[in-house]
Amino acid sequence: MQDILVLYYSRHGATAQMAQLIARGIESVPGCAARIRTVPPVSAVCAATADSIPDDGPPYASLEDLQECAGLALGSPTRFGNMAAPLKYFIESTSRLWLSGTLAGKPAGVFTSTSSMHGGQETTLLAMMLPLLHHGMLVMGLPYTEPELLSTTSGGTPYGPSHTAGTDSKRPLTDAEKALCVALGKRLASVASRLQSD
Ligand SMILES: Cc1cc2nc3c(=O)[nH]c(=O)nc-3n(C[C@H](O)[C@H](O)[C@H](O)COP(=O)(O)O)c2cc1C
């Protein structure tokens, strides 16, 4: 059994819902399990730290989670066209893994949620890929053989799944957005399995 890490930050729950669907796609591949992890918010007071266990939801990610997993799905809400600070803060703690090349050769994909349709989904997804490329990960998007990429009227991009949550962040995921989340999970897990058997 190999784990694929689904690591995300979510303030209002949209990115968290996408993470669950990606996990469903991962677990549809025999021999693969999803390991879901989040990161704590960052504080303006540098000395303040969050409790080591979250009040609810998945546990906080550790470097061991990244080390042990065969692949990674990384998700963040869009913040000014970029990933959210808590996730970036966590990524900046991974220098030890970068130095040892621990993530090199592992498959990875990214996902995001925005308020507005043209509020920066693609820029966020591309920005999230950059640290993964520095780590030597095999960054994957979604192919147009996924029919929802052509039919979607909301989120869903070749760079990775996305969701348009609306200004109140309450708009439910559309069927196309959901299908593309599941597709990314499945794709990551299938590639991780094939790499393992090489
Ligand atoms: C500081 C901040 C910046 C944001 N920047 C953008 C943005 O650039 N484009 C956009 O469409 N939405 C933006 N949003 C809205 C979030 O991306 C959106 O509500 C997202 O769906 C939240 O995901 P979550 O439910 O996982 O927290 C921003 C929200 C915050 C708090």
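Note that the structure is a prediction, hence the values are computed from the model and not measured.

Colleague: Outline the pattern of salt bridges, listing residues and values.
Modeller: Taken as a whole, this structure holds six salt bridges when the rule is applied. We note a salt bridge from Glu68 to Arg35, for which the minimum N-O separation is 2.8 Å. One end of the pair, Glu68, is in helix H2 (residues 63–68); the other, Arg35, is in strand S2 (residues 32–38), and 33 residues separate them in sequence. The shortest N-O distance in the salt bridge between Lys88 and Glu92 comes to 2.7 Å. By relative accessible area, which is 40% here, Lys88 ends up partly exposed.

Colleague: Explain the environment of Ser43 residue by residue, including any values.
Modeller: By the element assignment, Ser43 lies in the loop between S2 and H2. Here Ser43 falls in the partly exposed class, since its relative accessible area comes to 37%.

Colleague: Residues and numbers for the site of the ligand, please.
Modeller: Looking at the ligand, there are 18 residues lining it, with Ser10, His12, Thr15, Thr78 and Ser113 nearest. One of the side-chain N or O atoms of Thr15 is found 2.6 Å from an oxygen atom in the ligand. Here an oxygen atom of the ligand and a backbone polar atom of Gly81 are 3.1 Å apart. When the ligand sits alone it has 640 Å² of accessible area, and the protein chains cover 80% of it. Listing elements by their share of the shell around the ligand, those giving two or more residues are helix H1 (14–27) and strand S4 (107–114). Each residue belonging to the shell around the ligand can be placed in one class, and the counts come to four nonpolar, 12 polar and two charged.

Colleague: Go over the packing of H1 against helix H7 (residues 175–197) with me, naming the residues and quoting the values.
Modeller: Across the interface, H1 lies against H7 with an axial gap of 6 Å and an inter-helix angle of 45°. What the angle tells us is that H1 and H7 run oblique. Of the two elements, H1 crosses H7, and the hand of that crossing is right-handed. Mapping the contact onto sequence places Met18, Leu21, Ile22, Gly25 and Ile26 in H1 and Lys178, Cys181, Val182, Leu184, Gly185, Lys186 and Ala189 in H7. Of the residues in the contact of H1 with H7, the class split is eight nonpolar, two polar and two charged.

Colleague: Go over the state of the cysteines with me, naming the residues and quoting the values.
Modeller: Applying the stated criterion to the full structure yields zero disulfides. No disulfide involves Cys69; its nearest neighbouring cysteine sulfur is the one of Cys32, lying 11 Å away. Residue Cys69 is classed as buried on the basis of its relative accessible area, which comes to 2%. This cysteine, Cys181, is not joined by any disulfide, and Cys32 carries the nearest cysteine sulfur, 18 Å off.

Colleague: Talk me through unusual backbone geometry; I want residue IDs and the actual numbers.
Modeller: A positive phi angle is found at Phe80, which is not glycine, with a value near 50°. On the accessibility criterion, Phe80 (89% relative accessible area) is exposed. Residue Ser169 is not a glycine yet carries a positive backbone phi of 60°. Structurally, Ser169 can be placed in the loop between strand S6 (162–164) and H7. Here Ser169 falls in the partly exposed class, since its relative accessible area comes to 24%.

Colleague: Can you explain the side chain of Arg37? Please cite residues and give values.
Modeller: In this structure, Arg37 sits in strand S2. Not counting residues within four places of it along the chain, the set of residues in contact with Arg37 comprises Leu5, Val6, Leu7, Tyr8, Pro58, Pro59, Tyr60, Ala61 and Asp65.

Colleague: Could you give me a rundown of the side chain of Thr15, with the residues and numbers involved?
Modeller: Structurally, Thr15 is set in helix H1. Beyond its immediate sequence surroundings of up to four residues, Thr15 is in contact with Tyr8, Tyr9, Ser10, Gly75, Ser76, Pro77, Phe111 and Ser113.

About the thresholds
- Residues numbered from 1 in each chain as written.
- Predicted model: local features only at pLDDT ≥ 70, side-chain atom pairs only at ≥ 80, totals over all residues.
- Heavy atoms only, no water.
- Salt bridge = Lys/Arg side-chain N within 4 Å of Asp/Glu carboxyl O.
- Helix = DSSP H or I, 4+ residues; strand = E, 2+ residues; numbered from the N terminus.
- Buried < 20%, exposed > 50% of the residue type's maximum accessible area, 1.4 Å probe, protein only.
- Near = heavy atom within 4 Å.
- Polar contact = N/O pair within 3.5 Å; in protein donor to acceptor, adjacent residues only side chain to side chain.
- Areas by Shrake-Rupley, 256 points an atom, 1.4 Å probe, with all protein chains shown as cover.
- Nonpolar A, V, L, I, M, F, W, Y, C, P; charged D, E, K, R; others polar.
- Axes fitted to C-alpha atoms, helices over the stretch in contact; angles between N-to-C directions.
- Parallel < 35°, antiparallel > 145°, perpendicular 65-115°, else oblique.
- Left-handed = near helix turned anticlockwise from the far one by under 90°.
- Contact = heavy atoms within 4.5 Å.
- Disulfide = S-S within 2.5 Å.

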